[in-house]
Amino acid sequence: NAGVTQTPKFQVLKTGQSMTLQCAQDMNHNSMYWYRQDPGMGLRLIYYSASEGTTDKGEVPNGYNVSRLNKREFSLRLESAAPSQTSVYFCASNGSGGWGRRTEAFFGQGTRLTVV
Amino acid sequence: AQSVTQLGSHVSVSEGALVLLRCNYSSSVPPYLFWYVQYPNQGLQLLLKYTTGATLVKGINGFEAEFKKSETSFHLTKPSAHMSDAAEYFCAVSDRPVFNKFYFGSGTKLNVKP
């Protein structure tokens with residue numbers, strides 16, 4: 001039972017490089033999220049996708065783009081990485097989709113990104 | 001937008017002592033409420049959640065939390081701390097309308113002393 005799978009687990013980028021963080025869930029969830037975690041700041045929402053084919057900005061979207069490739073996959077792209085994007089990135093999903101079908105968010109193991 | 005406040009970024013207790021981690025939220029409509037635990041270099045794992053019904057919620061590893069609407073609080077407790085409870089704990093809320101958007105507190109690191 002894989003749940004939410006993120007790749008890669010670790011990455012070091014040089015300033016200005018680009019990369020895509022991959023996320024896939026096997027729970028048939030409608031909603032998917034990307035968060036970043038920084039010390040003392042909890043988790044901040046970057047982008048989310050309420051359902052396949054839709055994406056919306058969260059609290060801290062600048063410098064990022066996302067793609068909801070299909071119901072299972074939701075990727076996060078850094079077009080031109082900056083040191084301020086050094087963080088731990090978490091993908092999550094949940095089974096929202098109607099009254100009485102609420103679930104908690106399920107998280108991946110995280111991607112530790114360092115931008116030098 | 002919702003906001004979640006966790007009082008105390010670091011809490012230290014002795015093994016066997018009561019654990020109390022505080023969480024307050026801002027909302028005029030009671031949201032769904034969650035506590036997550038994060039062990040070093042791992043993702044977040046659900047401890048417990050409140051959606052509807054009984055306001056005292058029991059979770060895994062002996063933790064429980066009580067939803068108090070009048071105080072807009074959802075504090076996490078455990079009667080007797082164990083060394084294995086050392087971790088970071090996050091309170092989260094989500095709005096009741098159609099879409100679940102989760103808002104997290106800044107986290108509380110629990111240290112358990114022998």
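What counts, and at which threshold
- Residues numbered from 1 in each chain as written.
- Chains lettered and ligands numbered in written order.
- Predicted model: local features only at pLDDT ≥ 70, side-chain atom pairs only at ≥ 80, totals over all residues.
- Heavy atoms only, no water.
- Helix = DSSP H or I, 4+ residues; strand = E, 2+ residues; numbered from the N terminus.
- Rg over C-alpha atoms; globule rule 2.2 N^0.38 Å.
- Buried < 20%, exposed > 50% of the residue type's maximum accessible area, 1.4 Å probe, protein only.
- Areas by Shrake-Rupley, 256 points an atom, 1.4 Å probe, with all protein chains shown as cover.
- Contact = heavy atoms within 4.5 Å.
- Buried area = accessible area lost by both parts, 1.4 Å probe.
- Salt bridge = Lys/Arg side-chain N within 4 Å of Asp/Glu carboxyl O.
- Polar contact = N/O pair within 3.5 Å; in protein donor to acceptor, adjacent residues only side chain to side chain.
- Nonpolar A, V, L, I, M, F, W, Y, C, P; charged D, E, K, R; others polar.
- Core = buried A, V, L, I, M, F, W, Y, C linked by side-chain atoms within 4.5 Å.

Colleague: What should I look at first to understand the overall build of chain A in this one?
Modeller: Check the secondary structure of chain A and you find zero helices and eleven strands. Element order for chain A, N to C, with α for helix and β for strand: β-β-β-β-β-β-β-β-β-β-β. A compact globule built from 116 residues should have a C-alpha radius of gyration of about 13 Å, and chain A, at 14 Å, falls within 12% of that. Referenced to the eigenvectors of the C-alpha coordinate spread, the extents of chain A come out at roughly 45 × 25 × 25 Å. When burial is assessed residue by residue, chain A has 49% of its 116 residues classed as buried. Of the accessible surface of chain A, which amounts to about 5300 Å², a share of 50% is contributed by carbon and sulfur atoms.

Colleague: How do you make sense of the overall build of chain B when you look at a structure like this?
Modeller: For chain B, the helix and strand inventory stands at zero helices and twelve strands. Counted from the first residue to the last, chain B has its helices and strands arranged as β-β-β-β-β-β-β-β-β-β-β-β. Here chain B has a C-alpha radius of gyration of 14 Å; the compact-globule value for 114 residues is 13 Å, and the two agree. Viewed in the frame of its principal axes, chain B has a C-alpha envelope of about 45 × 30 × 20 Å. For chain B, the proportion of its 114 residues judged to be buried stands at 46%. Excluding contacts between residues fewer than 6 apart, the proportion of contacts in chain B whose partners are at least 24 apart in sequence is 57%.

Colleague: How should I be thinking about the interface of chain B and chain A in this particular structure?
Modeller: It is common to give the size of an interface as the accessible area lost on bringing the parts into contact. Facing 22 residues of chain B, the contacting portion of chain A comprises 23 residues. Counting each side, the surface lost to burial between chain B and chain A is near 1900 Å², with a carbon and sulfur contribution of 57%. With its nearest N and O atoms 2.7 Å apart, the salt bridge here joins Glu104(A) to Lys49(B). Connecting chain B to chain A are four residue pairs in polar contact (both at pLDDT 80 or more). Going through the elements one at a time, β5 (32-38), β6 (44-50), β10 (87-94) and β11 (102-104) of chain B are the ones with two or more residues in the side of chain B that touches chain A. Sorting elements by how many residues they give to the side of chain B that touches chain A places β5(B) first, with four residues. Residues belonging to the side of chain B that touches chain A are distributed by class as follows: eleven nonpolar, seven polar and four charged.

Colleague: Please explain the nonpolar core as it appears in this structure.
Modeller: Note on soluble globular proteins: their nonpolar side chains tend to be buried together. Residue and element names in this part refer to chain B. If you look at the biggest cluster of nonpolar residues, it comprises 27 residues, and the most contacted ones within it are Trp35, Leu47, Leu48, Phe74, Leu76 and Tyr89. Secondary structure elements with two or more residues in this core: β2 (10-14), β3 (19-21), β5, β6, β8 (64-68), β9 (73-78), β10 and β12 (108-113). It is β10 that contributes the most residues to this core, four residues altogether. In contact with leucine 47, other than residues within four places in its own chain, are Trp35, Tyr36, Val37, Gly59, Ile60, Phe63, Leu76 and Tyr89.

Colleague: Help me understand the side chain of Asp38(A) in this model?
Modeller: Residues and elements named next belong to chain A. Relative to the helices and strands, aspartate 38 is located in the loop between β4 (31-37) and β5 (43-49). A relative accessible area of 10% places aspartate 38 in the buried class. At 2.9 Å, the side chain of aspartate 38 forms a polar contact with the side chain of arginine 36. When residues no more than four places from it in sequence are discounted, the contact partners of aspartate 38 are Arg44, Thr86 and Ser87.

Colleague: Is there a simple way to explain the environment of Thr5(B) in this structure?
Modeller: All names here are of chain B. Mapped onto the secondary structure, threonine 5 falls in strand β1 (residues 3-5). On the basis of relative accessible area, threonine 5 is assigned to the partly exposed category, the value being 42%. Residues threonine 5 and glycine 107 lie 102 residues apart in sequence; the distance between their C-alpha atoms is 8.8 Å. Discounting residues that sit within four places of it in the chain, threonine 5 has contacts with Arg22, Cys23 and Asn24.

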